[in-house]
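Summary of structural features
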Amino acid sequence: MTAPRFRATLLLVALIGAATGCSGGDQGGDGSRGKWGSGERDAAPGPGQRVLVEVASVERGDVADHLITTGTLESEAQADITPEASGTVTRILAEEGDSVRAGQVLAIIENVSLNAGADRATIELEKARRALAEAESLHGQGAISDRELRDAQSGVRVAEAGYSEARAASGFTRLTSPIAGTVSLRNVRVGEVAQPAAPAFQVVDLDRMRVMVQLPEKDLPRVSEGLPVTLTGAYDEAAGARGSVERISPVVEATSGTVRVTIQVDPDTVRLRPGQFVKVRIETSRHDDVLTIPRRGLVWDDGEPIAWTVVDAPPPDPEEDPGAADQAEGGDGSGWFADWFSDDAADEDGDAEADEERDPWGGIPRRTVVKSRLEIGFVDPERVEIVGGLAEGDSVVTLGNGTLREETLVRLPGDPDPPEREKGEEDDGGGEKGRSRGEG
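Every chain begins its residue count from 1, and numbering advances along the sequence as written. With pLDDT at 70 or above as the cut-off, local features in this predicted model cover only qualifying residues; side-chain atom pairs require 80 or more to be listed or tallied, and sums for whole chains, interfaces and linings still use all residues. Each side-chain value is worked out from all heavy atoms of the structure, with water and hydrogens disregarded.

1. Things to note about the overall build of the protein chain
Across its full length, the protein chain carries ten helices and 23 strands. A contact between two residues is defined here by any heavy atoms of the two lying within 4.5 Å. Within the protein chain, contacts between residues at least 6 apart in sequence are counted, and of these 79% link residues at least 24 apart. Under the scheme used here, helices are H or I runs from DSSP no shorter than 4 residues and strands are E runs no shorter than 2 residues, and both carry numbers assigned from the N terminus.

2. Details of the pattern of salt bridges
Oppositely charged side chains are able to pair whenever their charged atoms sit close together. Any carboxyl oxygen of Asp or Glu within 4 Å of a side-chain nitrogen of Lys or Arg constitutes a salt bridge here. One pass over the full model with this rule turns up 14 salt bridges. In this structure, Asp65 and Arg222 form a salt bridge, with 2.9 Å as the shortest nitrogen-oxygen distance. Of this pair, Asp65 sits in strand β3 (residues 59-75) while Arg222 sits in the loop between β12 (209-216) and β13 (228-233), placing them 157 residues apart in sequence. Between Arg210 and Glu74 there is a salt bridge, with its nearest N and O atoms 2.8 Å apart. Of the two residues, Arg210 is situated in strand β12 and Glu74 in strand β3; the sequence distance between them amounts to 136 residues. Residue classification places Glu74 among the partly exposed residues on the basis of a relative accessible area of 27%. Note on exposure labels: buried denotes an accessible area under 20% of the residue type's maximum, exposed denotes more than 50%, and partly exposed covers the range between, all computed with a 1.4 Å probe on protein chains only.

3. Focus: the sheet that holds strand β5 (residues 87-92)
Spatially, four strands are ordered β8-β7-β5-β10 in an open sheet, and the strand pairing comes out antiparallel. Here the strands that pair on one side only, and so sit at the sheet edges, are β8 (174-176) and β10 (193-194). In short, DSSP must find at least two bridges between two strands for them to pair.

4. Re the sheet that holds strand β4 (residues 78-81)
Spatially, the four strands line up as an open sheet ordered β4-β11-β9-β6, and their pairing is antiparallel. In this open sheet, the two strands that pair with only one neighbour each are β4 and β6 (99-100). Bridge count between β6 and strand β9 (residues 181-186): two bridges; the pairing is antiparallel. The residue bridging Ser99 from the neighbouring strand is Thr182, located in β9.

5. Let's talk about the confidence of the model for the protein chain
On a range of 0 to 100, pLDDT expresses the predictor's confidence in each residue. Here the protein chain averages 77 in pLDDT, while 70% of its residues score no lower than 70. Element-level pLDDT for the protein chain is lowest in helix α2 (residues 32-37), with a mean of 37, against a maximum mean of 95 in strand β21 (residues 383-388). Under a pLDDT of 50 for its full length, residues 18-46 has, in the predicted model, 19 contacts with residues more than four places off or in other chains. Residue range residues 426-440 is modelled with pLDDT below 50. Its contacts to residues more than four positions away, or to other chains, number 19 contacts.

6. Topic: the nonpolar core
Note that soluble globular proteins tend to have their nonpolar side chains buried in a common cluster. Throughout this description, the term nonpolar core refers to a set of buried Ala, Val, Leu, Ile, Met, Phe, Trp, Tyr and Cys residues connected via side-chain atoms within 4.5 Å. Counting residues in hydrophobic clusters, the biggest one holds 20 residues, and the most contacted among them are Val211, Leu231, Ile263, Val280 and Ile282. Mapped by element, the contributors of at least two residues to this core are β3, β12, β13, β14 (240-253), β15 (258-265) and β16 (277-294). Counting residues per element, this core draws most heavily on β12, at four residues. Leave out the neighbours within four places in its chain, and Val280 touches Leu67, Ile68, Thr69, Thr70, Gly71, Val211, Val213, Val229, Thr230, Leu231 and Ile263. Listed in part, the 15 residues of the second largest apolar core include Val89, Ile92, Ala94 and Leu175.

7. Description of unusual backbone geometry
The residue Asp302 is not glycine, and still its phi comes out positive at about 55°. Of note, Asp302 is situated in the loop between β17 (299-301) and β18 (304-312). With a phi angle near 65°, Glu407 is a residue other than glycine that sits in the positive phi range. In this fold, Glu407 is placed in the loop between β22 (395-399) and β23 (409-411).

8. Focus on the side chain of Ser177
In this structure, Ser177 sits in the loop between β8 and β9. Think of a polar contact as two N or O atoms within 3.5 Å of one another; within protein, one of them needs to be a possible hydrogen donor and the other a possible acceptor, and neighboring residues in sequence only count if both atoms come from side chains. Of the polar contacts made by the side chain of Ser177, one reaches the backbone oxygen of Ile179; its length is 2.6 Å. Residue contacts for Ser177: discarding those within four places in its chain leaves Ile81, Val100, Arg101, Ala102, Gly103, Gln104, Leu106 and Val203.

9. Side note on the environment of Gly181
By the secondary structure assignment, Gly181 is in strand β9. Judged by relative accessible area, which is 12%, Gly181 ranks as buried. Excluding its chain neighbours within four sequence positions, the residues that come into contact with Gly181 are Asp98, Ser99, Val100, Val203, Val204 and Asp205.

10. Some thoughts on the environment of Ile108
With respect to the element layout, Ile108 can be found in strand β7 (residues 105-110). Distance from Ile108 to Ile92, taken between C-alpha atoms, is 6.6 Å for residues 16 residues apart in sequence. Residue contacts for Ile108: discarding those within four places in its chain leaves Thr88, Val89, Thr90, Arg91, Thr173 and Arg174.

11. Examining the environment of Thr182
Along the chain, Thr182 falls in strand β9. Of the residues examined, Thr182 reaches a relative accessible area of 16% and is grouped as buried. Taking the C-alpha atoms as reference, Thr182 lies 9.9 Å from Asp207; in sequence the two are 25 residues apart. Not counting residues within four places of it along the chain, the set of residues in contact with Thr182 comprises Gly97, Asp98, Ser99, Gln202, Val203, Val204 and Leu206.

Right, here's the structure in full:
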């Protein structure tokens with residue numbers, strides 16, 4: 001056994017005997033037991049504990065004020081195509097998602113009675129026209145009177161009316177789109193009987209989208225035609241569109257106290273679908289070239305806005321940490337116990353390793369956070385206007401600010417990591433010292 005280890009063993013035996021002899025006495029003493037063995041000391045952040053955070057600088061930018069509401073996206077032009085007469089579907093010429101033009105046939109249905117009526121009307125018209133030609137020939141010969149000629153002419157007009165009606169009725173078997181757009185619904189199948197009670201197709205114009213919203217009467221002075229609008233999906237914020245206020249109703253609904261506002265959507269920006277529930281942001285005002293921070297840097301503390309600002313931390317106070325005083329004087333931070341072994345430790349490990357064991361963060365910037373109470377202006381989804389409480393260039397925490405406290409030591413993503421210790425060194429060094437302090 002080497003001399004340092006022998007002396008350590010003797011000292012450990014003496015410490016255990018002293019602790020056994022004074023275990024029944026006053027534990028208050030000079031307060032050293034409460035200082036080294038208290039739970040508060042053990043729970044306090046050690047030199048190896050720093051909270052990793054992300055920061056952003058206070059900088060100048062633009063922040064907008066918004067009115068936020070919700071609505072349902074719809075098309076300005078939408079048509080439900082319903083059969084005017086029942087019939088069996090024989091052909092389907094358009095599917096959901098197809099683009100169609102006005103007058104394009106979407107499906108053909110077969111109705112026997114309508115087809116037979118058209119055939120009868122054709123025959124009756126041909127018969128009336130032959131009777132008129134014969135009556136005109138006889139009237140020229142003086143064989144029939146003027147009255148009989150007029151009756152023949154009337155017969156032709158009646159046949160033509162019946163023919164037109166029958167032809168129109170037979171057209172009910174051809175379902176056509178009244179507008180140009182996109183087929184959004186096909187509700188018929190080949191072989192089934194289409195009924196006039198249910199729409200067979202629906203066609204919408206995706207280039208003419210709009211949102212109808214209801215705004216409270218108190219917000220009416222802030223809204224005007226032409227204001228820019230941003231739309232986002234209520235359940236998918238990645239999908240969105242832009243638009244503008246197109247119309248404002250001149251009437252306030254007495255029952256709800258709201259005003260209907262029509263928002264026209266820019267067709268080139270639409271990433272939403274008709275019928276989708278959307279969040280509507282109407283930009284009512286904007287402040288340019290003001291101090292701003294990211295929205296993530298804003299924290300609410302008892303209803304007041306704050307931000308955690310990263311600053312340089314002062315060096316450790318020697319009065320609160322005796323180890324820091326020893327470090328400041330060039331010692332190893334362990335008091336008289338370390339002096340016993342100071343010569344041998346320097347010989348075996350060297351001064352550099354002793355310094356690294358005392359403070360693993362040596363040479364790494366020491367930072368902490370302070371709470372800054374803010375005066376804020378406009379708040380939009382990305383930025384917050386800072387009226388007071390921060391200066392341009394200040395660094396505020398944007399990630400990891402949910403559990404911070406005053407004077408918490410923090411580190412930034414760019415800071416180097418402290419050197420890793422071997423497991424044996426942790427057990428023989430810091431762990432043994434911690435146990436000796438707590439047990440002594």
